[in-house]
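Report on the structure
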Amino acid sequence: MHKIVFQNPDGQPKPAMENTYTSIISANISEIKCATHGKSVDFKLIFHSPNTYMIEITACCDEFKAIIDDRVAQMLS
């Protein structure tokens, strides 16, 4: 699972930040379909106090999840 760590003195979720990262990730993976099953991937950002969003990816198979994991890792690096 990928994570986004940020400065967050108040330890509260940041909806604007979550929306921005969700838009960026979605734009980069929304067109990718599983070659075997023809399905797309689902993901969500989950806030963990005090300063982390975890990116949870759900895919139809492990191979497709690995492809999406690699794409998200490239975006975050």
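Residues numbered from 1 in each chain as written. Predicted model: local features only at pLDDT ≥ 70, side-chain atom pairs only at ≥ 80, totals over all residues. Heavy atoms only, no water.

Describing the pattern of salt bridges
Applying the stated criterion across every chain yields a total of three salt bridges. For lysine 14, the salt bridge is made with aspartate 10, and the minimal N-O distance between the two is 2.8 Å. Looking at lysine 14, the relative accessible area reads 25%, which means it is partly exposed. Note on aspartate 10: relative accessible area 46%, which makes it partly exposed. Across the pair aspartate 69 and lysine 65 runs a salt bridge, and its minimum N-O distance is 3.2 Å. Of this pair, aspartate 69 and lysine 65 both sit in helix 2 (residues 62-76), four residues apart, which is roughly one turn of that helix. By relative accessible area, which is 21% here, aspartate 69 ends up partly exposed. Of the residues examined, lysine 65 reaches a relative accessible area of 28% and is grouped as partly exposed. (Salt bridge = Lys/Arg side-chain N within 4 Å of Asp/Glu carboxyl O. Buried < 20%, exposed > 50% of the residue type's maximum accessible area, 1.4 Å probe, protein only. Helix = DSSP H or I, 4+ residues; strand = E, 2+ residues; numbered from the N terminus.)

Focus on the pairing of strand 3 (residues 52-58)
Of all seven residues making up strand 3, five are buried, and the element is well covered by its neighbours. Both strand 1 (residues 2-5) and strand 3 contribute to a ladder of four bridges, which runs antiparallel. Each bridged residue has a counterpart across the sheet, and for histidine 2 the counterpart in strand 3 is isoleucine 55. The sheet contact formed by strand 2 (residues 42-48) and strand 3 spans seven bridges and is antiparallel. Its bridge partner lying in strand 3, phenylalanine 43 is registered against isoleucine 57. (Pairing = 2+ DSSP bridges.)

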